[in-house]
Amino acid sequence: MHPPDGSPRDMILGHEARFDDREQCREVDSRTLLGPDDKLVIHHEGRRYMLRRTRLGKLILTT
């Protein structure tokens, strides 16, 4: 990946993607990613996954 240049492809849910110099990896805050319902549906290779925050504040990914 390339460092962000401010273009729309570098925006994640209205927030600029940040890159770690060592790994070139995007970072997104879980509150931004999950939204007010603390849930996110992810479609990956024809399957549907649910990422959610538990009552104890942990993240869990289920099919």
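If you're wondering where the values come from, they're calculated on a predicted model, not measured in any experiment.

Definitions and cut-offs
Residues numbered from 1 in each chain as written. Predicted model: local features only at pLDDT ≥ 70, side-chain atom pairs only at ≥ 80, totals over all residues. Heavy atoms only, no water. Helix = DSSP H or I, 4+ residues; strand = E, 2+ residues; numbered from the N terminus. Salt bridge = Lys/Arg side-chain N within 4 Å of Asp/Glu carboxyl O. Buried < 20%, exposed > 50% of the residue type's maximum accessible area, 1.4 Å probe, protein only. Pairing = 2+ DSSP bridges.

### Some words on the environment of Gly35
Then, number 1: Its place among the elements puts Gly35 in the loop between α1 (30–34) and β5 (39–44).
Then, number 2: Separated by 17 residues in the primary sequence, Gly35 and Arg52 have C-alpha atoms spaced 10.0 Å apart.

### Quick word on the pattern of salt bridges
Then, number 1: By the definition in use, this model includes two salt bridges.
Then, number 2: Notably, a salt bridge pairs Asp29 with Arg31, separated by 3.0 Å at the nearest N-O pair.
Then, number 3: On the accessibility criterion, Asp29 (30% relative accessible area) is partly exposed.
Then, number 4: Under the relative-accessibility criterion, Arg31 is labelled exposed at 60%.
Then, number 5: The salt bridge involving Asp38 is made with Arg53; its shortest N-O contact spans 3.2 Å. Taken together, the residues Asp38 in the loop between α1 and β5 and Arg53 in strand β6 (residues 47–53) connect sequence positions 15 residues apart.
Then, number 6: In this structure Arg53 comes out as partly exposed when scored by relative accessible area, which is 22%.

### A word on the pairing of β6
On a regular strand, one side chain projects to one face of the sheet and the next to the other, so that they alternate.
Then, number 1: Looking at chain direction, β5 and β6 are connected through six bridges and run antiparallel. Bridge assignment links His43 to a residue of β6, and that residue is Arg48.
Then, number 2: Following β5, the chain reverses through two residues before pairing antiparallel with β6; Glu45 in that reversal takes a positive phi of roughly 50°.
Then, number 3: Where β6 meets strand β7 (residues 59–62), four bridges bridge the pair, whose relative direction is antiparallel. Counterpart to Met50 in the pairing with β7 is Thr62.
Then, number 4: Between β6 and β7, which pair antiparallel and follow one another directly, the connecting turn spans five residues, one of which, Gly57, has a positive phi of 85°.

### Brief notes about unusual backbone geometry
For residues besides glycine, phi is generally negative; the peptide bonds are generally trans as well.
Then, number 1: In the Ramachandran plot, Asp38 falls in the positive-phi region, its phi being about 55° despite a non-glycine side chain.
Then, number 2: Taking the relative accessible area as the measure of exposure, Asp38 reaches 28% and is therefore partly exposed.
Then, number 3: The phi angle at Glu45 is positive, at roughly 50°, despite the residue not being glycine.
Then, number 4: Along the chain, the position of Glu45 falls in the loop between β5 and β6.

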